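# Examining the three-dimensional arrangement
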Amino acid sequence: MLEVINLKSRVGDTEILRGLSLSVNAGEVHAIMGPNGSGKSTLAQVIAGNDDYVVTGGEVIYKGNNLLDLKPEERAREGIFLGFQYPVEIPGVNNAYLLKAAVNAKRKHQGLGDVDAFEFLKLAREKMAVLGMDPKFLNRGVNEGFSGGEKKRNEILQMAMLEPSLAILDETDSGLDIDALKAVAEGVNKLRHPDRAIVLVTHYQRMLDYVEPDFVHVLSEGKIVRSGDKTLALELEEKGYEWVREAANG
Amino acid sequence: MTSENIESLVNRRYEHGFVTDIATESLPPGLDEGVVRAISARKNEPEFMLEWRLQAYRQWLEMREPKWAHVHYPPIDFNSISYYAAPISDDDRPKSLDEVDPKLLETYEKLGIPLHERAKLAGVAVDAVFDSVSVATTFKEKLFEVGVIFCSFSEAVREHSDLVQKYLGSVVPRRDNFYAALNSAVFSDGSFVYIPKGVRCPMELSTYFRINAANTGQFERTLIIADEGSHVSYLEGCTAPMRDENQLHAAVVELIALEGAEIKYSTVQNWYPGDENGVGGIYNFVTKRGDCRGDNSKISWTQVETGSAITWKYPSCILRGDNSVGEFYSVAVVNNMQQADTGTKMIHIGANTRSTIVSKGISAGRAQNVYRGLVKVMPQAHGARNHTQCDSLLIGKECGAHTFPYMEIKNPSAKIEHEATTSKISADQLFYCRQRGISEEDAVNLIVNGFCREVFKELPMEFAVEAQALLNVSLEGAVG
């Protein structure tokens, strides 16, 4: 589904990704770990199409096409979802309204008509129940005055409604208490599907106790320095990132 | 040349337009007493009205154009303007929508203007517009049943001169300001509303207005009187860009709410703003004021301003009656080279008077947006309260937002709150929306509409929907 080949990217004058390669297939859950500044979030942003991040080399192939040619909204409509580390507030814009606009943008792209308003509400309420969200959230401004945990649940709600092919969750676990973490993890697990790939970007092992990855990759200085199965995450937890850095340099 | 011809030439200024009996003729440019008399005569006005106009004209001569607003434009030559522009002859109008600029039609489509109104708005010859007359007649009958008077200002001057004489100029005196004085001398037409005691007007006075009184000329005069315990909601203007040949518009609106009465006045202004370089475009210099004359009365202004090259407008409330309430909800959008200096004045005179101001200014392109507001609490206004919220949103790097709040508080028991924010549509907000599949332009619209929500919810329902669409059209091309 996703083929990242020797990807290089910079923000401003700083080179962040320095030849990163990664292959993700449908049905797989990948965890990308690594110390602060190793390029985890940059990878997520580049795949989503944030133009603050300049691609200076390499390729990204998604469903057989060159992803880097597409605008962010086109990537989204093609099924790429980014769960933001810091979801932004949009005051006055009704949460349900944004969600519906997003769902309809995708449906239009697929040649479908607008979603039925009642169906939409019913579906949204169901998904919110799973995530332990109060239905009142639908009528609040997008992320306006939400707590950290509420914002992250809201991201998962959007993901659940949009049913992406490739979901990248950028530190969705950070700043969550244990209940919120479990709810978010359950939301993610419900979306595991043979047709869907999930990439979890995370700093800690904690999330992986609840969402079991098929592959774990460790990023350091803009490259993947180790890949393995879930045991790699445990090993990392035990030995710390210094161990990976040494391994990479040695 | 015959002697008759010479005579008519000499007397041209006085006689033009009412001696020559051609209904479609405009007066030549320029302003003097003769022009004022000619306008009054053409409208068959009673003596008092002519006298009133003439006094206004003499007062205007002694006044100077105001220069304090934060707007810039070349000097206006008041003698180059024609003060009585006759309606455009049907021969010069498009015969059907097929002859109308497709761009205009496209805009109507985007705004969701009902089909049967499009022709009228596009200036198609009246006889080509189906059914608008009968619709108007139905409304008029319905209003007549409950005793509501709703007619053109000219008609009111002739048919309801007692009411006009009693209330005209009682809120905005002739010499209130330069443009109000000019309007008082030469006003073309406008609307008159009287709601009798205890009557709740059975409909929004909007649908009717939109179909019938859209073309009221450049010096519009409106007078609305809500008698004791009555209620009226009035909607002025139209979301559709209106065809207009006159550059200077100077309207006066006066509202009077007697004891326990309520007036809700909503405006959508979308005059031609000029092109992206600021060429052309309407100058809109308006005086709007409401007088809460009776106790427990309420006047609420809601405005959505997207048009005009220059807007100079401060719908205000004089809170004279005890416990009276004044409200001002405003969205002002400027794009390209537009300039807006707009806001409100809340004058607290009665005890326990309350006022609310919510102003949302949006600037894009190289446009400049000014909020200018006065909250004045007189010594006798015990327990007066005001809450002002003034938010500015900037789109792009070349536009500006300015806030000039004035407060004059002469009673120590007053409670006054002022909140102000300035924000930008952030790259993060745009990217967030785009990552959810929403195009950049739709994302801007979404964010802007969210910003204006508090004001839009004050608009009559079907109009709120149109106003949102209007904002989207106004900001087209503002990003990217």
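None of the values given here were measured: they were computed from a predicted structure.

## Notes on the overall build of chain A
- Scanning chain A from terminus to terminus reveals eight helices and twelve strands.
- Here the C-alpha atoms of chain A give a radius of gyration of 18 Å, agreeing with the 18 Å that 2.2 N^0.38 yields for 250 residues.
- The principal-axis extent of the C-alpha atoms belonging to chain A is close to 60 × 40 × 35 Å.
- Of the contacts formed within chain A by residues at least 6 apart in sequence, a portion of 71% connects residues at least 24 apart.

## Remarks on the overall build of chain B
- Across its full length, chain B holds 15 helices and 18 strands.
- Expressed as a percentage of the 480 residues in chain B, the buried residues total 50%.
- Across chain B, the fraction of contacts at a sequence separation of at least 24, relative to all contacts at a separation of at least 6, is 83%.

## Quick look at the interface of chain A and chain B
- Between chain A and chain B, the contact holds 20 residues from the first and 16 residues from the second.
- At the level of elements, helix 2 (72-77), strand 7 (90-94) and helix 3 (95-109) of chain A are the ones that each hand at least two residues to the side of chain A that touches chain B.
- Take the side of chain A that touches chain B: its biggest share by element is five residues, from helix 3 of chain A.
- Of the residues in the side of chain A that touches chain B, the class split is 13 nonpolar, four polar and three charged.

## Points about the sheet that holds strand 1 (residues 2-11) of chain A
All names here are of chain A.
- Read across the sheet, four strands follow the order 2-1-4-5 without closing on themselves; strand pairing throughout is antiparallel. In this open sheet, the two edge strands, each paired with only one partner strand, are strand 2 (14-24) and strand 5 (65-66).
- Taken together, the eight bridges between strand 1 and strand 4 (residues 53-62) define a ladder with antiparallel strand orientation. Paired with Glu3 across the two strands is Ile61, which belongs to strand 4.

## Topic: the sheet that holds strand 6 (residues 80-83) of chain A
All names here are of chain A.
- Taken together, the six strands give an open sheet; going across it, the order is 6-9-10-3-11-12, and neighbouring strands pair in mixed fashion. Strands at the two margins of the open sheet, each flanked by one partner only, are strand 6 and strand 12 (223-228). Direction aside, neighbouring strands of the sheet carry axes that sit 20 degrees apart on average.
- Against the sheet, helix 7 (residues 230-239) engages strand 3 (29-33), strand 11 (215-220) and strand 12, with an angle of about 45 degrees to strand 11.

## Topic: the packing of helix 4 (residues 117-130) of chain A against helix 5 (residues 148-162) of chain A
All names here are of chain A.
- Where helix 4 meets helix 5, the closest approach of the two axes is 10 Å, and the angle between their N-to-C directions is 130 degrees. One finds that helix 4 runs oblique with respect to helix 5. Relative to helix 5, helix 4 is oriented so that their crossing is right-handed. Residue-level contacts link Leu123, Ala124, Lys127 and Met128 of helix 4 to Leu157, Ala160 and Met161 of helix 5.
- Residue classes in the contact of helix 4 with helix 5 are distributed as six nonpolar, no polar and one charged.

## Observations regarding helix 4 of chain A
- Taking 1.5 Å per residue, 14 residues should reach 20 Å; helix 4 of chain A reaches 20 Å between its end C-alpha atoms and fits that length.
- In the stretch just after helix 4 of chain A, A:Gly132 is the one whose phi turns positive, near 65 degrees.

## So, the environment of A:Phe81
All names here are of chain A.
- Here Phe81 is to be found in strand 6.
- Overall, Phe81 belongs to the buried group, with 26 C-beta atoms counted inside 10 Å.
- For Phe81, the residues in contact, after removing those within four places along its chain, are Ala76, Met159, Leu162, Pro164, Ala167 and Ile168.

## Digging into the pairing of strand 4 of chain A
All names here are of chain A.
- As paired elements, strand 4 and strand 5 share two bridges and run antiparallel to each other. By the bridge assignment for strand 5, Tyr62 is matched with Asn65.
- Remark: two residues form the turn of the hairpin made by strand 4 and strand 5, two consecutive strands paired antiparallel; Lys63 in that turn has positive phi of roughly 50 degrees.

## Brief notes about the nonpolar core
- Counting residues in hydrophobic clusters, the biggest one holds 188 residues, and the most contacted among them are A:Ile168, A:Leu200, B:Val193 and B:Ala226.
- With residues near it in sequence (within four places) discarded, A:Ile168 still touches A:Ala44, A:Ile47, A:Phe81, A:Leu82, A:Gly83, A:Val199 and A:Val201.

## Section: the environment of B:Phe192
All names here are of chain B.
- Examined against the element boundaries, Phe192 turns out to sit in strand 2 (residues 189-195).
- Sequence separation between Phe192 and Phe219 is 27 residues; the distance between their C-alpha atoms is 14 Å.
- Discounting chain neighbours no more than four positions away, the residues touching Phe192 are Ile149, Cys151, Phe153, Ala156, His160 and Leu223.

## Focus: the pairing of strand 15 (residues 368-377) of chain B
Residues and elements named next belong to chain B.
- Along strand 15, nine of the ten residues are buried, which leaves the element largely enclosed by surrounding structure.
- Pairing analysis gives ten bridges linking strand 13 (residues 339-348) to strand 15, with the strands arranged parallel. When the bridges of strand 15 are listed, Met346 appears paired with Val375.

## Topic: the packing of helix 3 (residues 33-42) of chain B against helix 4 (residues 47-61) of chain B
Residues and elements named next belong to chain B.
- Packing of helix 3 against helix 4 leaves a shortest axis separation of 10 Å and a crossing angle of 150 degrees. Put simply, helix 3 runs roughly antiparallel to helix 4. You can see that helix 3 and helix 4 cross each other, and the crossing is right-handed. In contact with Glu33, Val36, Arg37 and Ser40 of helix 3, helix 4 contributes Met49, Leu50, Arg53, Leu54 and Tyr57.
- For the contact of helix 3 with helix 4, a count of residues per class yields five nonpolar, one polar and three charged.

## Brief notes about the environment of B:Leu430
Residues and elements named next belong to chain B.
- As for its position among the elements, Leu430 is in helix 12 (residues 427-435).
- Judged by local crowding, Leu430 falls into the buried class, with 21 C-beta atoms found within 10 Å.
- Ignoring anything within four residues of it in the chain, the contact list for Leu430 reads Ile425, Glu440 and Ala443.

## Let's talk about helix 4 of chain B
Residue and element names in this part refer to chain B.
- Between its terminal C-alpha atoms helix 4 stretches 21 Å, which fits the 21 Å expected from 15 residues at 1.5 Å a residue.
- Within the sequence span of helix 4, burial applies to Met49, Trp52, Arg53, Ala56, Tyr57 and Trp60. Seen along its axis, helix 4 keeps its buried residues to an arc of 135 degrees; they face one direction. Across helix 4 from its buried face, at more than 90 degrees, point the exposed residues Glu47, Glu51 and Leu61.
- In this structure, the buried residues of helix 4 make contact with helix 3, helix 8 (153-159) and helix 10 (178-186).

## Concerning unusual backbone geometry
- One non-glycine residue, A:Glu163, adopts positive backbone phi at about 45 degrees.
- Within the secondary structure, A:Glu163 sits in the loop between helix 5 and strand 9 (166-170).
- Accessibility expressed as a C-beta count within 10 Å gives 15 for A:Glu163, which makes it partly exposed.
- A positive phi angle, close to 50 degrees, is found at B:Asn336, a residue other than glycine.
- Mapped onto the fold, B:Asn336 is located in the loop between strand 12 (325-334) and strand 13.

Criteria and thresholds
- Residues numbered from 1 in each chain as written.
- Chains lettered and ligands numbered in written order.
- Predicted model: local features only at pLDDT ≥ 70, side-chain atom pairs only at ≥ 80, totals over all residues.
- Helix = DSSP H or I, 4+ residues; strand = E, 2+ residues; numbered from the N terminus.
- Rg over C-alpha atoms; globule rule 2.2 N^0.38 Å.
- Contact = placed C-beta atoms within 7 Å.
- Buried ≥ 20, exposed ≤ 12 C-beta atoms within 10 Å, placed from the backbone.
- Nonpolar A, V, L, I, M, F, W, Y, C, P; charged D, E, K, R; others polar.
- Pairing = 2+ DSSP bridges.
- Axes fitted to C-alpha atoms, helices over the stretch in contact; angles between N-to-C directions.
- Parallel < 35°, antiparallel > 145°, perpendicular 65-115°, else oblique.
- Left-handed = near helix turned anticlockwise from the far one by under 90°.
- Expected span 1.5 Å × (residues − 1).
- Core = buried A, V, L, I, M, F, W, Y, C linked by C-beta atoms within 7 Å.
- Arc of directions from axis to C-beta.

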